[in-house]
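Close look at the chain arrangement
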Amino acid sequence: MVLLRDGMCPGLDEALVRDLRAADIKSVEDLVSSDIEELAQKCSVSYKALFAIRRVLLAQHAAFPVSGADLYEELLSSTAILSSGNPSLDKLLDSGLYTGEITELAGGPGSGKSQVCFGVAVNISHHLKRSVMYIDTTGGLTATRLLQMLKAETSNTEEQMEALQRIHIFCVFDIFSLLDTLHSLCSGRLQQASVGGGCVKVVIVDSVSAVIAPVLGGKQNEGMSLMAQVAGVLKTMAKDFNVAALVTNHVTRSDSGEVQPGLGLSWSHVPRTRILLERMEKAGTSHSSLRSATLIKSSRQPCHIREEFDLQWWSRSEEGTSEKRKLEDDSNSC
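As a starting point, this report considers the structure included with it.

Cut-offs applied
The residue numbers shown here count from 1 along each chain, following its written sequence. Only residues with pLDDT of at least 70 get local features here, since the model is predicted, and only at 80 or more are side-chain atom pairs given and counted; chain-wide, interface and lining totals rely on the full set of residues. The basis for every side-chain value is the complete set of non-hydrogen atoms in the structure, without hydrogens or water. Per the convention used, a helix needs a DSSP run of H or I reaching at least four residues, while a strand needs a run of E reaching at least two, with both numbered from the N terminus. The classification of residues rests on relative accessible area computed with a 1.4 Å probe and restricted to protein chains. Under 20% of the type maximum is buried, over 50% is exposed, and intermediate values are partly exposed. Contacts are assigned to residue pairs with any non-hydrogen atoms lying within 4.5 Å of each other. Exposure was quantified through the Shrake-Rupley algorithm and a 1.4 Å probe, taking into account, for residues, occlusion by the shown protein chains and nothing else. In this text, buried Ala, Val, Leu, Ile, Met, Phe, Trp, Tyr and Cys residues form a nonpolar core when linked through side-chain atoms within 4.5 Å. Strands are treated as partners if at least two bridges between them are detected by DSSP. Between N-to-C directions, angles cover 0 to 180 degrees, with each direction set by a line fitted to C-alpha atoms, over the stretch in contact for helices. Between Lys or Arg on one side and Asp or Glu on the other, a salt bridge is scored when a side-chain nitrogen of the former is within 4 Å of a carboxyl oxygen of the latter.

1. Remarks on the overall build of the protein
Scanning the protein for helices and strands turns up 14 helices and 12 strands. When the 334 residues of the protein are sorted by exposure, 47% land in the buried category. Counting only contacts in the protein whose residues sit at least 6 apart along the sequence, the fraction spanning at least 24 positions is 67%. When the accessible area of the protein is evaluated, it comes to approximately 16,500 Å², of which 51% is carbon and sulfur surface.

2. Overview of the nonpolar core
Among the nonpolar cores identified, the biggest contains 34 residues, and Val116, Tyr134, Ile204, Ile275 and Phe309 are the most heavily contacted of them. Residue assignment for this core shows that the elements contributing at least two residues are α6 (87-92), α7 (113-126), β4 (131-136), α8 (143-153), β6 (200-206), β7 (244-249), β10 (273-279) and β11 (290-297). Ranked by the residues each element gives to this core, the list is headed by α7, at seven residues. When neighbours within four sequence positions are excluded, isoleucine 275 is seen to be in contact with Leu89, Leu92, Leu93, Glu104, Leu105, Ala106, Ala293, Thr294, Leu295 and Ile296. One finds Ile102, Met227, Leu234 and Val247 within the second-largest nonpolar core, a separate group that totals 31 residues.

3. Side note on the sheet that holds strand β5 (residues 167-171)
The strands making up a sheet associate through backbone hydrogen bonding, with each pair oriented either parallel or antiparallel. The strand order across the open sheet formed by eight strands is β5-β4-β6-β7-β3-β10-β11-β12, and the pairing between neighbours is mixed. If you trace the sheet from one side to the other, it starts and ends with β5 and β12 (306-310), each paired once. Neighbouring strand axes in the sheet, compared pairwise and without regard to direction, differ in orientation by 20 degrees on average. Both strand β3 (residues 102-107) and β10 contribute to a ladder of five bridges, which runs parallel. Note that in β10 the partner of glycine 107 across the bridge is leucine 277. Helix α12 (residues 223-240) contacts β3, β6 and β7 of the sheet and is inclined by roughly 130 degrees relative to β3.

4. What to know about the pattern of salt bridges
In the structure shown here, the tally under the stated rule is seven salt bridges. Note that arginine 300 and aspartate 94 form a salt bridge whose closest N and O atoms lie 3.9 Å from each other. Residue arginine 300 is located in the loop between β11 and β12, and its partner aspartate 94 is located in the loop between α6 and β2 (97-98); the two are separated by 206 residues in the primary sequence. Looking at arginine 300, the relative accessible area reads 7%, which means it is buried. A residue is classified by how much of its surface remains accessible, and aspartate 94, at 12% relative accessible area, is buried. A salt bridge links arginine 300 to glutamate 101; the nearest nitrogen and oxygen atoms lie 2.8 Å apart. Of this pair, arginine 300 sits in the loop between β11 and β12 while glutamate 101 sits in the loop between β2 and β3, and the two are 199 residues apart along the sequence. A network of salt bridges, in which partner residues are shared, links Asp94, Glu101, Arg272 and Arg300.

This is the structure in structure tokens:
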């Protein structure tokens, strides 16, 4: 369900949105399925204007068929594979993050989800010279940590500052602020950031579960609808703007005690690729930087591939990574 909002299409201003809500028309679905003539009378707006709004919304949100050949050609010409900067993760991701897709990192507290996101942001901004939109929902992102990682990549202060300028940070702490930010990015901020320096190739949400989990369950029936809206905007953004979306999620335990990503079955269909991060305890040390990463969902590779890596990789890597363009037809899938 997509809620109506000011500026969604020409003619749909704040006053009309308010009048429509007063008439119990809150979503696009409500508007397109209503009697336009009767609704125009209730809202004191011309039938012609309301019909035009309805037609535009239908064009924006209706699905149109496309042939498999056309879709394949589009993927070949537009899909970019962006290295995470870590060879072990890139192996699980089939070379890196794919634009047009949502990739999820799931793990418990201290599993390294945020550190991986920091490393990806630094690698994309410094080595690939591309902009990154980083949406921080936990307050865990600090410029000091980003600068520390960049100093390990280059001693040139100017290059460090240029890379930092390509990382655009948004701090949001509830699902409504997250939706507003995502809609704002789709409405023009992605293009503005691209003009400012390096086209935007990655949007990171760390963490998506921190703002979705509180509205799920109990008597809050709108929680599933809000989660679906977040999923829809992320998918649309990734596809329409040719960016890679990277999100983090918490973990829960199944009835059998198995660790699994949170947010339930409905959310499990949203990411194209899911990786489970876990801590690896090293004998004689209480705080090891070693982590294991297990591929638990992929449309390109067999599941349950496992790799080990060190979170300090991004702080010591000296190898430049490149942006690759390819799409391989792999019959192995989960």
